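# Notes for the structure review
Below are the chains, spelled out letter by letter.
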Amino acid sequence: MCLTRPSQRVLIFIVVIILAVLPVLSGCAPRRAARAEATLASPPVSSSPQPETSDEAAPVRFGACSCDTEAQMAMAVPRSELPPTIVAVSPERGEEQRLDAPIVITFDQPMDPATTAAAFHIEPAVEGKVTVMGKVLTFQPAQPWPRATAFKVTVDATAKGINGPPLAAPFEHRFTTVGYLEVTSTQPADGATDVATDMTITVVFNRPVVPLTGIEEQAGLPQPLKLEPEVAGKGEWLNTSIYTFRPSEPLAAATRYTATIAAGLTDTTGGILAQDYTWTFTTASPTVVSMAPNTDQTPPDSPVTITFSQPMDPASTEAAFSLRTAQDNVPVQGTFAWQDEGRTLVYQPRQPLAYGAGYVVHVDKTARPARGEGTLRQATRFTFRIVYLPEVRATRPRDGDQAADPYGAMEVAFRSPIAPETLAGAITVVPEPTQVYTYYAGYDNRLIISWERQPRTAYTVTLGSQIGDRYGNTLGREVVIRFRTRDYDPMAYLGGFGQVGTYNAYTRTIATASYRNVSRLDFGLYRVDEATFLSLTGEQSWDAWQRLKRDEAALLNQWSVDVTPPPNVIRTWQGPLTDSEGNPLPPGLYLLELRAPEIRYGPDRLPSRQLLAISRLNVTLKHTDTEALAWVTDLKTGEPVADLPLRLLDGQGLEVNGRTDAQGVFRTSFEQREYWKPLYVFTGQPGADDFAVVMNQWSNGIGPWEFGLNVEMYKQPLNAYLYTDRPIYRPGQTVHWKAIVRWDDDARYS
């Protein structure tokens, strides 16, 4: 069988995956059983005593089994006849050797003490004792190992098993003894400046210094950090090698600190800090980090608030502070208060500040920190303005506008924030509309007044004098805005639903149009070829309509209709579509265009256009992403049209030719394609009696969503399920599993 469909290729892929994981999931028999079989297949051995050997089999690893074959079992030999192998070394590769620990080498079988001890060497030479007992060689140095020293251990190939051959090859192992404890990094770093006074000091060591304990269990742990000048605080070990120190009070400003970790501190492996580790850092001078108010809509009773980067000295900071009027530089009297442990200064004026007035705040650099040296890093100056008294700043439409837009809402911009509750009952519109909606946008002090405006109408909008702010200030007088709306914009549109209309060629083709505030309707009827039709209805149809130019060679008829509608009233027109000689239009593809002289057309406003598909046949199209069905009937009799040539295409290379059967039905299949992309069926040629066209996107009124139906247009041809008998296994356990792959053939599973 030839597998060519995409769904069949998916099935092949799933089967390959299952075959690939089958050996992993199936596992293999435990090694103990394999060894038992190998022993049975081995030749007889001597009954004389043999060195102790281990029948312990390596555990079976899930997903990495190594099962013996029959040939391997037949060739199995006693372990005593195999050359010895080194299976473990202490210290391990990459592990530091403790100063009091021995070297331990483990073989896979008991070793001959004499040859094995003689085969052991260490470089540089170290005085010590070599002991061989059974499978284990131990070297114990006479003195503790020297620190941070590299060694090479060699076991020559002359080392023999107790009753067997020697090592197959010399063995070599390198290690390094425990080094010195070191500080690898600090925060703040050595030489750091402008260090925050509330910073936590952190020291990171290269190896564990303390055992892993909880925060509450650190009472007996070393506290290695010393600061000069001395600082009270609490030290904690975040983990075994990171120490932190949190000062009880902020560090002194603009002060140089010396931090020291004293020599002699030891780590958990015996490493020692050989000498003092010392570094220095300098704390920052105070700065202003925030200030308020800083807007042009400040309430008159607002305090001035300044937040510093560290606690400040109240006396010098208050002396450095000033609040003055912007216009005449008059100082404003008030009282000081401090918050946030001396970081925030609050200055409250004794009297409310003047509405609409500007103010300047200045903090001189003579302000000093609460602790430490230095002064404010730089002087700070900022301005703010108190809100204005309630006032209407602008309106849209403007007062006196005689051509106001009849669309949209009226906007009133106030100069300062308004209390929304004062707007209730304070707005009147004449002539009184049916319903008025209001909304106040506090972010920009804007009032929206919306009602259904009429064209050519004079309106008077009155804002009551009671509108005011939250401080009790009001407009104090009514504000009246008078304007007159203009006519509605002219319009002229073709009737119909959408940009394509289908028409019955057995009847007269009637065109309709809606218009308003225009004097003439100018129509143009054009013949359209298949390529243009595909372009105007394809995936890039929007761009195609934008670029469409009138083809005078394809013009069939052109006429104008004078109209005199009442101002601002929509009227309709309808009339037959014919060629220039008054003949009915034969089946085919056409483009109808409508323009009006009062309308300015351009890229943002195209003429009203509609494609017309005129036919004596009705074509019904149903399709999936791989199949299509077309049913052709006569629009006059309703009878199926048999043996009718037709073409199915998508304008992107797909084209299938065929004929309808006796029931007027045509079925076909094709390579999988995107369901939503355009798909067409054409019969005959434009101008012929058997011409018709249908497109898959013509679903107005018959779409499943219009009937509340949930549909999925994409099918999943295969569904695969994989099961195991349990979620987790131990090495050597058998894995039972099963896989099910099912075809989903239009809801029929196989």
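Note on numbering: residues in each chain are counted from 1, in written sequence order. With the structure being a predicted model, the display of local features is reserved for residues of pLDDT at least 70 and the display and counting of side-chain atom pairs for 80 or more, all residues being used for whole-chain, interface and lining totals. Note: side-chain values were computed over all heavy atoms of the structure, leaving out hydrogens and water.

A word on the overall build of the chain. Put simply, DSSP marks the helices as runs of H or I at least four residues long and the strands as runs of E at least two long, and each gets a number from the N terminus on. If you tally the helices and strands in the chain, you get seven helices and 48 strands. Here, two residues are considered to be in contact whenever any of their heavy atoms come within 4.5 Å of each other. Nonlocal contacts in the chain, meaning residues at least 24 apart in sequence, comprise 65% of its contacts between residues at least 6 apart.

This paragraph deals with the sheet that holds strand E8 (residues 171-177). Any two strands with at least two DSSP bridges between them are considered paired. The four strands lie next to each other as E2-E8-E7-E4, forming an open sheet whose pairing is mixed. The open sheet has two free edges, formed respectively by strand E2 (96-97) and strand E4 (120-123), since each of these has just one partner strand. Note that E4 and strand E7 (residues 150-155) share four bridges and pair antiparallel. Bridge assignment links Ile122 to a residue of E7, and that residue is Val153.

Pairs were defined over the aromatic rings of Phe, Tyr and Trp, the Trp ring being its six-membered one, requiring ring centres within 6.5 Å. Orientation was assigned from the angle between planes: stacked under 30 degrees, edge-to-face over 60, tilted for the rest. A full pass over the atoms with the stated rule returns 25 aromatic pairs. Where Trp145 meets Phe175, the ring centres are 5.6 Å apart and the plane angle is 85 degrees; that geometry is what we call edge-to-face. You can see Trp145 sitting in the loop between strand E6 (136-141) and E7 and its partner Phe175 sitting in strand E8, a full 30 residues away along the chain. Partly exposed describes any residue whose relative accessible area lies between the buried limit of under 20% and the exposed limit of over 50%, with all areas from a 1.4 Å probe on protein chains only and scaled to the type maximum. Here Trp145 falls in the buried class, since its relative accessible area comes to 3%. Exposure remark for Phe175: the relative accessible area of 4% places this residue in the buried category. Centre to centre, the rings of Phe321 and Tyr347 are 4.8 Å apart; their planes meet at 45 degrees, and the pair counts as tilted. With a gap of 26 residues between them, Phe321 in strand E19 (residues 321-325) and Tyr347 in strand E21 (residues 344-349) connect regions that are remote in the sequence. Through a chain of ring-to-ring contacts, three or more aromatic side chains come together here, namely Phe120, Phe139, Trp145, Phe151 and Phe175.

This next bit is on a nonpolar patch on the surface. Patches in this entry comprise residues that are over 30% relatively accessible and not in a salt bridge; like charges within 9 Å are linked, as are nonpolar side chains (Val, Leu, Ile, Met, Phe, Trp, Tyr) within 5 Å. All accessible-area figures derive from a Shrake-Rupley calculation using a 1.4 Å probe, and residue coverage is judged against the displayed protein chains alone. Salt-bridge detection follows one rule: a side-chain nitrogen of Lys or Arg within 4 Å of a carboxyl oxygen of Asp or Glu. Residues Phe707, Leu709 and Val711 make up a contiguous nonpolar surface patch of about 310 Å² in total accessible area. Of note, Phe707 is situated in the loop between strand E45 (692-695) and strand E46 (718-724). Taking relative accessible area as the criterion, Phe707 reaches 55% and is therefore assigned exposed.

Along strand E22 (residues 358-363), five of the six residues are buried, which leaves the element largely enclosed by surrounding structure. Where E22 and strand E23 (residues 380-385) come together, six bridges link them in antiparallel fashion. From the neighbouring strand, Tyr359 faces E23, where its bridge partner is Phe384.

This next bit is on the environment of His736. Within the secondary structure, His736 sits in the loop between E46 and strand E47 (737-745). A relative accessible area of 49% places His736 in the partly exposed class. In this structure the C-alpha to C-alpha distance between His736 and Thr724, which are twelve residues apart in sequence, comes to 5.8 Å. The contacts of His736, once residues within four sequence positions are left out, are Tyr723, Thr724, Asp725 and Tyr729.

The next thing to look at is the confidence of the model for the chain. Averaged over every residue, the pLDDT of the chain is 88; residues scoring 70 or more account for 88%. The predictor rates its confidence in each residue with pLDDT, a number between 0 and 100. By mean pLDDT, the top-scoring element of the chain is E21 (98), and the lowest-scoring one is helix H2 (residues 31-41) (31). Here residues 1-8 is a poorly scored stretch, pLDDT under 50, and it has ten contacts once near neighbours within four places are set aside; other chains count. Here residues 23-76 is a poorly scored stretch, pLDDT under 50, and it has 48 contacts once near neighbours within four places are set aside; other chains count.

Right, let's get into the pattern of salt bridges. Enumeration according to the criterion identifies 27 salt bridges in this entry. One salt bridge connects Asp100 with Arg98, and the closest N-O pair in it is separated by 3.9 Å. Residue Asp100 is classed as exposed on the basis of its relative accessible area, which comes to 56%. Here Arg98 falls in the partly exposed class, since its relative accessible area comes to 39%. For the salt bridge of Arg207 with Asp267, the shortest nitrogen-to-oxygen distance reads 3.2 Å.

Considered for burial, the residues of helix H6 (residues 530-537) that qualify are Phe533, Leu534, Leu536 and Thr537. Along the long axis of H6, the arc covered by the buried residues comes to 170 degrees, so they all point the same way. The directions from the helix axis to the C-beta atoms form the arc being described.

With that settled, consider the sheet that holds E22. Here three strands make up an open sheet; going across it, the order is E19-E22-E23 and the pairing antiparallel. On the outer flanks of this sheet lie E19 and E23, each paired with one strand and no other. When the angles between neighbouring strand axes are averaged without regard to direction, this sheet yields 20 degrees. In terms of strand pairing, E19 meets E22 through five bridges, oriented antiparallel. Its bridge partner lying in E22, Thr325 is registered against Tyr359. Simply put, an axis is a line fit to the C-alpha atoms, just over the touching stretch for a helix, and the angle between two N-to-C directions goes from 0 to 180 degrees.

In this section: the environment of Leu555. Tracing the backbone shows Leu555 in strand E35 (residues 555-562). Overall, the relative accessible area of 25% leaves Leu555 in the partly exposed class. A C-alpha to C-alpha distance of 9.2 Å links Leu555 and Asp579, two positions 24 residues apart in sequence. The residues contacting Leu555, other than those within four sequence positions of it, are Gly524, Leu525 and Tyr526.

For Phe533, the location among the structural elements is in helix H6. Note on Phe533: relative accessible area 0%, which makes it buried. Residues Phe533 and Leu612 lie 79 residues apart in sequence; the distance between their C-alpha atoms is 9.8 Å. Among all residues touching Phe533, those that are not within four sequence positions of it are Val528, Leu589, Leu611, Tyr680, Phe682, Val693 and Trp698.

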